[in-house]
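Chain residues, written in single-letter form:
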Amino acid sequence: MTSLKTLNDINIKNKDILLRVDFNVPIEDGKVGDLTRIKAVIPTIEYLRSQGARVALISHMGRPDGKVDARYSLRALIPVLHTLLPGVGLTFRENYINIPRAHFWSDTNRGDVILCENIRFHAGEEKNDMNFAASLASLADICVNDAFAACHRAHASISAITNCIPTVAGLLLASEISAIESHYLHAAKPLMAVIGGSKVSSKIDVLKALVPKVDILAIGGGMANSFLLAMGKEVGLSLVEKSALPLVEDILSQAKLHNTEILLPVDVVVAAELAPGVTSTIKTIDEIGPEDRILDIGPASVTLFNQAASRAKTLLWNGPLGAFEIEPFDKGTLDFAQHVVKLTQVGKLVSLTGGGDSVAALAKLDLESGFTYVSTGGGAFLEFIEGKILPGLAVLSQTSEKIQVK
Ligand code: ADP
Ligand code: MG
């Protein structure tokens, strides 16, 4: 068990707290598109407030590259926070670096919340700059990191700040780690992993980490095409990575070595192009022609994946099985997800998922709540599964001697 310093290890009564959250949410027409990440930290905010703490929310959004960029202003979140924190005193601070602490908290009471402007408007954040972190830290007594989705970044408000003030994991971060540890690292076996998405190269580290660990590895989405190509199949105009073929060979030979069952699509949905309303056809993997584009797994493949899931006790899923953004290429993902939800609901399967597009696909299909655990982490979730030491977590397990708050 990763031993993280948590809110149980620190006295937060009546303290001023910087709460690092991940509010990197999609904004559409000035409105927040998906509230999942915001809702996920509300319990932490409420807990801190219940202890008389004042809470300053620190987050990044998008990639403004150290400059002020109105497209990425966290102001867009104010109405949402008012709704999710009814009756709570909420202030927005545009400027909070090199500002006296008393000035920063002026006109606030215990239990109030300040939302700070996008931390990535400051170049010091992504540089993990110590002076920048010190300036931020001077505003509060304690920093609470509840930004699991940003823990794979050694940025100032995640990493350097831990050298300036006591920093502990928040409720969401702690629950993410314990869920992934109990459901994946200590998974009930057989353990099945399903990996989809567009490219082998972006998932190669996770595939390598999964092969020795899982009993069944099912591959779908665009990345399955490179596996089919390696098996000598025609893939037509499908998305493939010829340069990934040695990686595919390596995965297949590792699977043999570790006795890991590899499942690949046996049929696919093809079309001439990826566009709405295009005519699509189901083909077996031996029927694919030179003009075909593989855009989803077919019904026989779904059955194959479903049967494997029925044999498993734990399922880890990352990456959509088809180009789910455009119908009907969401069908493979939908049908498989429905089966997983059914098995989960009758207590036969523990299901765990994470990844930006994976979670977006499940949210689009309204199946998110049927999983045992949906991680708020994308890159961080994958890196954790890969066994990498996340910089944001490493610093939280090293803070034991510094836990006294003055
Ligand atoms: P995640 O963000 O969950 O880690 P990825 O970013 O790896 O997932 O992959 C998601 C993308 O993969 C989606 O945009 C989806 O359209 C694309 N994709 C899945 N299957 C195919 C396919 N057969 N052809 C082209 N793109 C695909
Ligand atoms: Mg993605």
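Cut-off values and rules
Residues numbered from 1 in each chain as written. Chains lettered and ligands numbered in written order. Predicted model: local features only at pLDDT ≥ 70, side-chain atom pairs only at ≥ 80, totals over all residues. Heavy atoms only, no water. Pairing = 2+ DSSP bridges. Helix = DSSP H or I, 4+ residues; strand = E, 2+ residues; numbered from the N terminus. Axes fitted to C-alpha atoms, helices over the stretch in contact; angles between N-to-C directions. Parallel < 35°, antiparallel > 145°, perpendicular 65-115°, else oblique. Contact = heavy atoms within 4.5 Å. Nonpolar A, V, L, I, M, F, W, Y, C, P; charged D, E, K, R; others polar. Near = heavy atom within 4 Å. Polar contact = N/O pair within 3.5 Å; in protein donor to acceptor, adjacent residues only side chain to side chain. Areas by Shrake-Rupley, 256 points an atom, 1.4 Å probe, with all protein chains shown as cover. Core = buried A, V, L, I, M, F, W, Y, C linked by side-chain atoms within 4.5 Å. Buried < 20%, exposed > 50% of the residue type's maximum accessible area, 1.4 Å probe, protein only. Phe/Tyr/Trp six-rings, centres within 6.5 Å; stacked < 30°, edge-to-face > 60°. Lys NZ or Arg CZ within 6 Å of the ring centre and 35° of its normal.

The next subject is the sheet that holds strand 6 (residues 113-116). Judged by pairing direction, the sheet is parallel, and its six strands sit side by side in the order 5-6-4-1-7-8 without closing on themselves. In this open sheet, the two edge strands, each paired with only one partner strand, are strand 5 (90-93) and strand 8 (167-169). On average, each strand axis in the sheet is tilted by 25° relative to the strand beside it, whichever way the strands run. Of the pairings in the sheet, the one linking strand 1 (residues 16-20) to strand 7 (residues 142-145) comprises four bridges and is parallel in character.

This next bit is on the packing of helix 9 (residues 223-230) against helix 10 (residues 245-257). Interaxial distance between helix 9 and helix 10 falls to 9 Å at its minimum, and their mutual angle equals 80°. Accordingly, the angle class assigned to the pair helix 9 and helix 10 is roughly perpendicular. Each of S226, F227, L229 and A230 in helix 9 lies in contact with helix 10, whose residues at this interface are L245, V248, E249, I251 and L252. For the contact of helix 9 with helix 10, a count of residues per class yields seven nonpolar, one polar and one charged.

Near ligand 1 lie 18 residues; those nearest to it are K203, G222, E325, D357 and S358. Here an oxygen atom of ligand 1 sits 3.2 Å away from a polar atom, N or O, in the main chain of S198. I294 places a main-chain nitrogen or oxygen 3.2 Å from a nitrogen atom of ligand 1. For ligand 1, the accessible surface in isolation is 580 Å², of which the surrounding protein chains cover 84%. Sorting the residues of the shell around ligand 1 by element identifies strand 14 (293-297) and helix 13 (356-364) as the ones contributing at least two each. Looking at the shell around ligand 1 residue by residue, the classes come out as five nonpolar, ten polar and three charged.

Bringing the nonpolar core into the picture now. Ranked by size, the top nonpolar core spans 41 residues in total, and within it L207, L210 and L217 carry the most contacts. Only helix 7 (171-185), strand 9 (191-195), helix 8 (204-210), strand 10 (216-219), helix 9, helix 10 and helix 14 (379-385) provide two or more residues apiece to this core. Here L217 is in contact with A193, I195, L207, L210, V211, T260, E261, I262 and L263, once residues within four sequence places are set aside. If you look at the next biggest cluster of nonpolar residues, it comprises 32 residues, including L19, V32, V41 and M61.

Here we take up the pairing of strand 9. Successive side chains on a regular strand alternate, one facing one side of the sheet and the next facing the other. Counting buried residues in strand 9 gives five out of five residues, a clear majority hidden from the surface. The two faces of strand 9 match: L191, A193 and I195 on one face and M192 and V194 on the other face are all buried. Pairing between strand 9 and strand 15 (residues 314-318): five bridges, direction parallel. Looking at the pairing, L191 lines up with T314 of strand 15.

Our next topic: the packing of aromatic side chains. The final tally for this structure, using the stated rule, is four aromatic pairs. Within the aromatic cluster, the residues linked to one another by ring pairs are F305, W317, F336 and F371. Lying over the aromatic face of F104, R93 brings its terminal NZ or CZ to 5.8 Å of the ring centre. A cation over an aromatic ring shows up here: K213 above the ring of Y184, its NZ or CZ 5.2 Å from the ring centre.

This part covers the environment of D29. The topology assignment puts D29 in the loop between strand 2 (27-28) and strand 3 (31-32). With relative accessibility at 83%, the residue D29 sits in the exposed group. Separated by 64 residues in sequence, D29 and R93 place their C-alpha atoms 22 Å apart.

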